[in-house]
Amino acid sequence: MKDLIKRYAVFTVGLYFLAMGIVLIVRSALGTTPISSVNYVLSNHTPLSLGIWTFIINMILIAGQFWLIRGGRTRRDTVEILLQIPFSFLFSVFIDLNMMLTSHVIPGSYVASIGLLAVGCVVQSVGVVLEIKPRVAMMSAEAFVKYASRRYDKEFGRFKVWFDVTLVSMAVIISLAITSHVEGVREGSVVAACVTGYIVSFLNTRVMTRATYRRVKTLVSRG
């Protein structure tokens, strides 16, 4: 039980880093990540914050997962999906918290925007690795892709690409419908989509190894 608590604590730290990475990419003013593109556009044109829209979209994805596993649902599937609800709420809180903490961050030049984008990609990747290592839960987007790929017998990575492209396309359509120009999707979106996987792979195999993970768990438990 003690080890499980530590693993959930590390996962929660990973959620914070993931949220901060997404926020830094948004603050770079060069676009946002595919998973946040729709949320970002909607938050710009409604009274609801980026965090609240993130929670709403995650709830839609959770409902979609239950639809995908209809007829073949196991207790493990149900628990895994329901567990996403509190973590989605926490993740949304982290996003709005970091949006508030970085409200003064305004890049003064294109070079500064590139630098902020790079930092955001690295921070986001750290968050992803800290989510993967404990093996206790999945975020709604990845879980939706997991169940969809299982339902339609498709490879996870390929379906993830389709999923991201669909989200970006929806963000473009919504922003064009509201403002007649594209919001939230720029060169930074492409960079974040392309390089994050490589950074995650490097960190996971070269930097944040199992030994490092054990040290992080120790630090988290002491904290």
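The present account deals with the structure reproduced in this document. (Residues numbered from 1 in each chain as written. Predicted model: local features only at pLDDT ≥ 70, side-chain atom pairs only at ≥ 80, totals over all residues. Heavy atoms only, no water.)

A word on the side chain of Ser88
Phase 1: Looking at the secondary structure, you find Ser88 in helix H5 (residues 84-101).
Phase 2: Of note is the side chain of Ser88, whose polar atom sits 2.7 Å from the backbone oxygen of Gln84.
Phase 3: The residues touching Ser88, leaving out its near neighbours within four places in the chain, are Phe55, Asn58, Met59, Ile62 and Ser140. (Helix = DSSP H or I, 4+ residues; strand = E, 2+ residues; numbered from the N terminus. Polar contact = N/O pair within 3.5 Å; in protein donor to acceptor, adjacent residues only side chain to side chain. Contact = heavy atoms within 4.5 Å.)

Observations concerning the layout of surface pockets
Phase 1: In this structure, the largest pocket encloses a volume near 970 Å³.
Phase 2: Lining the largest pocket are 33 residues, with Val128, Glu142, Lys160, Asp164 and Thr196 sitting closest to its centre.
Phase 3: For the lining of the largest pocket, the secondary-structure elements that each account for two or more residues are helix H1 (2-27), helix H2 (34-44), helix H3 (50-68), helix H6 (110-132), helix H7 (140-151), helix H8 (156-179) and helix H9 (187-207).
Phase 4: For the lining of the largest pocket, the class distribution of residues is 19 nonpolar, nine polar and five charged.
Phase 5: The volume enclosed by the second largest pocket comes to roughly 280 Å³.
Phase 6: Around the second largest pocket, the lining residues are Arg76, Asp77, Val79, Glu80, Leu83, Arg135, Val136, Ala137, Met138, Lys146 and Arg150.
Phase 7: Among the elements of the structure, helix H4 (75-82) and H7 are those that each provide at least two residues to the lining of the second largest pocket. (1 Å grid on protein atoms, 1.4 Å probe; cavity = no way out; pocket = protein on both sides within 12 Å on 5 of 7 lines; lining within 4 Å. Points joined across faces, edges and corners; volume = space filled by probe spheres on them. Nonpolar A, V, L, I, M, F, W, Y, C, P; charged D, E, K, R; others polar.)

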